[in-house]
Amino acid sequence: MSRQLIAGNWKMNGLTADADGLAQALRDGVGQVGDAAELVVCPPFTQIAGAVRILAGSRFAVGGQDCHMAAKGAHTGDIAAPMLRDLGATHVILGHSERRQNHKELDETVREKVVAATEAGLVPIVCVGETEDQRSADGHEDTVGWQIKGSLPHGFADGPGVVAYEPVWAIGTGRTATGDDVATMHAFIRAELVRQFGDAGHGVRILYGGSVNAGNAAALLAVPEVGGALVGGASLAAADFLAIAAAARG
Ligand code: PGA
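Note that the coordinates shown come from a computational prediction; the quantities given were computed from them, not determined experimentally. (Residues numbered from 1 in each chain as written. Predicted model: local features only at pLDDT ≥ 70, side-chain atom pairs only at ≥ 80, totals over all residues. Heavy atoms only, no water.)

A. Quick look at helix 10 (residues 238–246). All of the buried residues in helix 10 are A238, F241, L242, I244 and A245. Taken end-on, helix 10 shows its buried residues confined to a sector of 155°, consistent with a single buried face. (Buried < 20%, exposed > 50% of the residue type's maximum accessible area, 1.4 Å probe, protein only. Helix = DSSP H or I, 4+ residues; strand = E, 2+ residues; numbered from the N terminus. Arc of directions from axis to C-beta.)

B. Representation of the packing of helix 5 (residues 107–119) against helix 7 (residues 140–151) within the structure. Contact pair helix 5 / helix 7: the axes reach a minimum separation of 8 Å and the direction vectors enclose 45°. The angle between helix 5 and helix 7 places the two elements in the oblique class. As for the relative orientation of helix 5 and helix 7, their crossing is right-handed in sense. Taken together, the residues of helix 7 that come into contact with helix 5 (itself represented by D107, E108, V110, R111 and V114) are W146, Q147, G150 and S151. (Axes fitted to C-alpha atoms, helices over the stretch in contact; angles between N-to-C directions. Parallel < 35°, antiparallel > 145°, perpendicular 65-115°, else oblique. Left-handed = near helix turned anticlockwise from the far one by under 90°. Contact = heavy atoms within 4.5 Å.)

C. Structural context of helix 7. Here helix 7 contains 12 residues, and its C-alpha end-to-end distance of 16 Å stays within 8% of the 16 Å for a straight helix at 1.5 Å per residue. Buried residues of helix 7: H140, T143, V144, G145, Q147, I148, G150 and S151, and no others. (Expected span 1.5 Å × (residues − 1).)

D. Quick peek at the sheet that holds strand 2 (residues 38–42). Ordered by their spatial adjacency, 8 strands build a closed barrel running 1-2-3-4-5-6-7-8, and the pairing between neighbours is parallel. On average, each strand axis in the sheet is inclined to that of its neighbour by 25°, with strand direction left out of account. Taken together, the 4 bridges between strand 4 (residues 91–94) and strand 5 (residues 123–128) define a ladder with parallel strand orientation. Following the sheet pairing, V92 is matched in strand 5 by P124. Lying on the sheet, helix 10 is in contact with strand 1 (5–9), strand 2, strand 3 (60–64) and strand 8 (228–231); it crosses strand 1 at an angle near 160°. (Pairing = 2+ DSSP bridges.)

E. Here's a closer look at unusual backbone geometry. At K104, a residue that is not glycine, the phi angle is positive and equals roughly 50°. Relative to the helices and strands, K104 resides in the loop between helix 4 (97–102) and helix 5. Using a relative accessible area of 63% as the deciding quantity, one classes K104 as exposed. The residue E225 is not glycine, and still its phi comes out positive at about 75°. Summarising the element assignment, E225 is placed in the loop between helix 9 (217–221) and strand 8. On the basis of relative accessible area, E225 is assigned to the partly exposed category, the value being 30%.

F. Seen up close, the packing of aromatic side chains. Scanning the entire structure with this criterion turns up 3 aromatic pairs. Aromatic side chains F156 and F197 sit 6.3 Å apart centroid to centroid with 35° between the ring planes, which places their arrangement in the tilted category. Residue F156 is found in the loop between helix 7 and strand 6 (162–165), and its partner F197 is found in helix 8 (residues 179–197); the two are separated by 41 residues along the sequence. Here F156 and F197 have matching classes, each one buried. In this structure, K149 packs its charged tip against the face of W146, placed 4.5 Å from the ring centre. (Phe/Tyr/Trp six-rings, centres within 6.5 Å; stacked < 30°, edge-to-face > 60°. Lys NZ or Arg CZ within 6 Å of the ring centre and 35° of its normal.)

Written out as structure tokens, the structure reads:
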């Protein structure tokens, strides 16, 4: 099994001074956390170049938070995967629930973006997860199963792509899933990946995301089949993010 991946999703936060300060603090502090985790931060588009510059030669990779499915063309306001690569990004978050909700992204859209990202040489971090209503109606496995089937293209498991299980009700709410829920859902996702991709499905990392913080990271990262964490709010404070990185297993 590969090392755990700790990915920071800065979302729509960070003017230049804040973003540069955060990147510098991560760079300065990373020597104090063990080297168990693979580390990536995903700033907003406008701060990617700065983060790449500040974090160059450190253990941190830099990623985007979305990309278009086309490599270029008449898509005003969008950013293509080769543009992210051109800036020095190596990863991209795709199908985050905030994009699925705010931008009506469908599984099919996410799948096309995953193809575009992979063709551009980026590692896609593909998010899935049920809403509170879907969980209350006992539809969480169905929802996540369909998202996996619809969002991951043929051959996904042969590449470096990562899946992030992020229950929507746990994002930004301070409510994490319990260790048992995480264990159940990650085992379910693993089984779906193996059903869809055969043996290669065993090698896909499955991150947990949703209110991960310095206090709960060790317990969440110790759950079987948890291959790392996708961290929102707590990734905006260098000390918190580094504490989460320190809790990772090699
Ligand atoms: P949160 O966000 O850690 O603030 O809950 C996680 C995410 O949306 O990726």
